[in-house]
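Below are the chains, spelled out letter by letter.
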Amino acid sequence: MTGLSIDTVDIAILGGGAAGALVARHLLALRDLRVALVEPRGVAGRGAAYSTARPEHLLNVNAARMSAFQDVPDDFLAFLAARRGVAPADLAGVFAQRRDYGAYLEDRVAAVVDQAALDLRTTSAVELQANGRGYAIGLADGGMLTARTVVLALGNLPAALPVPVRDAGPDAVVEAWDYEAIAAIDPADDVAIVGAGLSMVDTLLTLLANGHRGGIVAMSRHGLMPLSHAPGTQPQPGGVEALLPLGVRARMRLLRQWAAGAQAEGGRWQDALERLRPHVQTLWQAWSAGEQRRFLRHAVRLWDTHRHRIAPEVGDRIAAMRADGRFRLHAGRLEAIGSTSDGRLRIDWHPRGDTRGAQMTVDRIVNATGTEKRVDRAGGSLLPALLAQGLARPGPHGIGLDTSPAGQVLGADGAPVAGLWTLGALRTGTLWESVAMPELRGQAARLAEAALAGLEASH
Ligand SMILES: Cc1cc2nc3c(=O)[nH]c(=O)nc-3n(C[C@H](O)[C@H](O)[C@H](O)COP(=O)(O)OP(=O)(O)OC[C@H]3O[C@@H](n4cnc5c(N)ncnc54)[C@H](O)[C@@H]3O)c2cc1C
């Protein structure tokens, strides 16, 4: 590695979204340490989800459940209430703007970001090598850090389009998480959105807010999109013990019965999902590898659309766009993307359940395929380098990285790698439910304590 300078810290956190920023905050609250936070966005806490400046992008969890601290459950409510000048109780069921949540996280980590002890680097980590006493981290700006302990807080890995785009200009494809580029799409353009999850919903909302007049089509293999939260949802009473010994099919059957039971008692199907919500990691880990595979093959799409729900007002807006034809959602397989002689984009695709192929012509394509779970398909150089050196191995089913229960990364030999930790999306294979704030906040607090204990033990 060549470097402009080599700086030594106790702990380097790679990725400064919600997860990395919270780990930094906890670490610096625990002890006087030298901590580096490496984040190309240059701000701590916002990450991919909360960097949006668009008012139409809402949280998909209500404000009462979005505290960044498990032991202060009303913390976000208090922040939001103070900002809006209303009582916290009035906001509990509100789906706040994501930009306000970003401001909240920034505010809550500002105290440590301002400390001289935190070295915030506006760049990416591109290389990581064990050096006997810890790690040497190569940075994209040419700098280098050495650290005894490293925390990988890289968040969701962006997914690529499933097919290459042939002969088209650089602006043909817009990434859904590039919020400014989405907002800059010409309202007269015909737009095809690839993917039908939460990033597609974000895109649609921005097009709607900009008075889009062109056609909007979204396409996914199953043509399923996230369902809505129901106002006033209450977790159905009862535990999940009955689900634990069951395989995929039997669990789904029982879950449908619970949903029907909730509805029969005047509740909603969402109540049954809320009953499961705190136990998803336990339910995932109770399955054998074979049963987990069955879930990934047959049930994951249905699970995702029910689990990752959108704010009711967002669901209503999209339903209205579908009803009046401004937005169409197709189920099918994308086969090829190329350009037409008049400079537009031609999409060849295969409608689900149809023997014949179909084409459409659009002006822009939005990549809203969401997150890449398989670590061997991760872009960039950092994760491939870790895997190649045996400092990490893929998690169950190739999803994320394999980790110990405390979040220590497991090497190629299955043993915990000294001083290497991770949290969030990279733990999805091990935990399944590992990206939302209700999980991240606990992981961040526990990881800070465990990483610090490991650091002290190695002295
Ligand atoms: C669009 C969207 C909306 C969401 N809405 C909600 C919600 O309403 N409620 C909820 O609970 N959860 C939501 N989530 C889930 C979300 O994943 C978490 O809430 C949280 O933001 C994840 O934080 P993170 O730090 O793990 O990941 P990220 O926010 O993705 O942060 C990871 C950071 O790592 C940086 N990075 C990546 N590679 C490198 C590298 N090599 N070197 C240095 N830095 C690097 C990236 O720049 C990024 O900022 C949403 C997710 C998305 C994508």
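Quick word on the pairing of strand β8 (residues 191-194)
Here is step 1 of the chain: Residues Val 191 and Ile 193 point to one face of β8 and Ala 192 and Val 194 to the other, with burial holding for every one of them.
Here is step 2 of the chain: At this point the chain moves from β8, through helix α5 (residues 198-209), to the parallel strand β9 (residues 216-220), and the crossover so formed is right-handed.
Here is step 3 of the chain: Note that β8 and strand β13 (residues 364-367) share four bridges and pair parallel. Within β13, the position partnered with Ile 193 by the bridge is Val 366.

Looking at the environment of Ala 96
Here is step 1 of the chain: Relative to the helices and strands, Ala 96 resides in the loop between α2 (75-84) and α3 (98-113).
Here is step 2 of the chain: With relative accessibility at 0%, the residue Ala 96 sits in the buried group.
Here is step 3 of the chain: For the pair Ala 96 and Leu 80, spaced 16 residues apart in sequence, the C-alpha to C-alpha distance is 8.4 Å.

Section: the packing of helix α7 (residues 269-276) against helix α9 (residues 289-307)
Here is step 1 of the chain: Following both chains from N to C, one finds α7 and α9 inclined at 100 degrees, their axes separated by 11 Å at the closest point. Considering the angle they form, α7 stands roughly perpendicular to α9. Along its contact with α7, which presents Trp 269, Leu 273 and Leu 276, the element α9 presents Trp 303, His 306 and Arg 307.
Here is step 2 of the chain: Across the contact of α7 with α9, the residue classes tally to four nonpolar, one polar and one charged.

Focus on the domain arrangement of the chain
Here is step 1 of the chain: Splitting the chain by domain gives domain 1 (6-57 + 97-158 + 372-457), domain 2 (165-227 + 310-367) and domain 3 (241-307).
Here is step 2 of the chain: The straight-line distance from the C-alpha centre of domain 1 to that of domain 2 is 32 Å.
Here is step 3 of the chain: Across the boundary between the two partners, domain 1 contributes ten residues, which contact eight residues of domain 2.
Here is step 4 of the chain: Summing both partners gives a buried area of about 810 Å² for domain 1 against domain 2, and 57% of it is carried by carbon and sulfur.
Here is step 5 of the chain: Taken as a group, Arg 54, Glu 56 and His 57 account for 57% of the area that domain 1 buries against domain 2, more than any other trio of residues on that side.
Here is step 6 of the chain: Counting across the domain 1 and domain 2 interface gives one salt bridge.
Here is step 7 of the chain: Residue Asp 202 pairs with Arg 98 through a salt bridge whose shortest N-O separation is 2.8 Å.

Observations concerning the pattern of salt bridges
Here is step 1 of the chain: Throughout the structure, instances matching the rule amount to 27 salt bridges.
Here is step 2 of the chain: Across the pair Glu 291 and Arg 294 runs a salt bridge whose closest N-O atoms are separated by 2.7 Å. Of this pair, Glu 291 and Arg 294 both sit in helix α9, three residues apart, which is roughly one turn of that helix.
Here is step 3 of the chain: On the accessibility criterion, Glu 291 (15% relative accessible area) is buried.
Here is step 4 of the chain: Here the salt bridges do not stand alone but share partners, grouping Arg 277, Arg 307, Glu 433 and Glu 439 into one network.

What counts, and where the lines are drawn
- Residues numbered from 1 in each chain as written.
- Predicted model: local features only at pLDDT ≥ 70, side-chain atom pairs only at ≥ 80, totals over all residues.
- Heavy atoms only, no water.
- Buried < 20%, exposed > 50% of the residue type's maximum accessible area, 1.4 Å probe, protein only.
- Helix = DSSP H or I, 4+ residues; strand = E, 2+ residues; numbered from the N terminus.
- Right-handed = clockwise from strand over helix to strand, strands pointing away.
- Pairing = 2+ DSSP bridges.
- Axes fitted to C-alpha atoms, helices over the stretch in contact; angles between N-to-C directions.
- Parallel < 35°, antiparallel > 145°, perpendicular 65-115°, else oblique.
- Contact = heavy atoms within 4.5 Å.
- Nonpolar A, V, L, I, M, F, W, Y, C, P; charged D, E, K, R; others polar.
- Domains from an automatic or database assignment.
- Buried area = accessible area lost by both parts, 1.4 Å probe.
- Salt bridge = Lys/Arg side-chain N within 4 Å of Asp/Glu carboxyl O.

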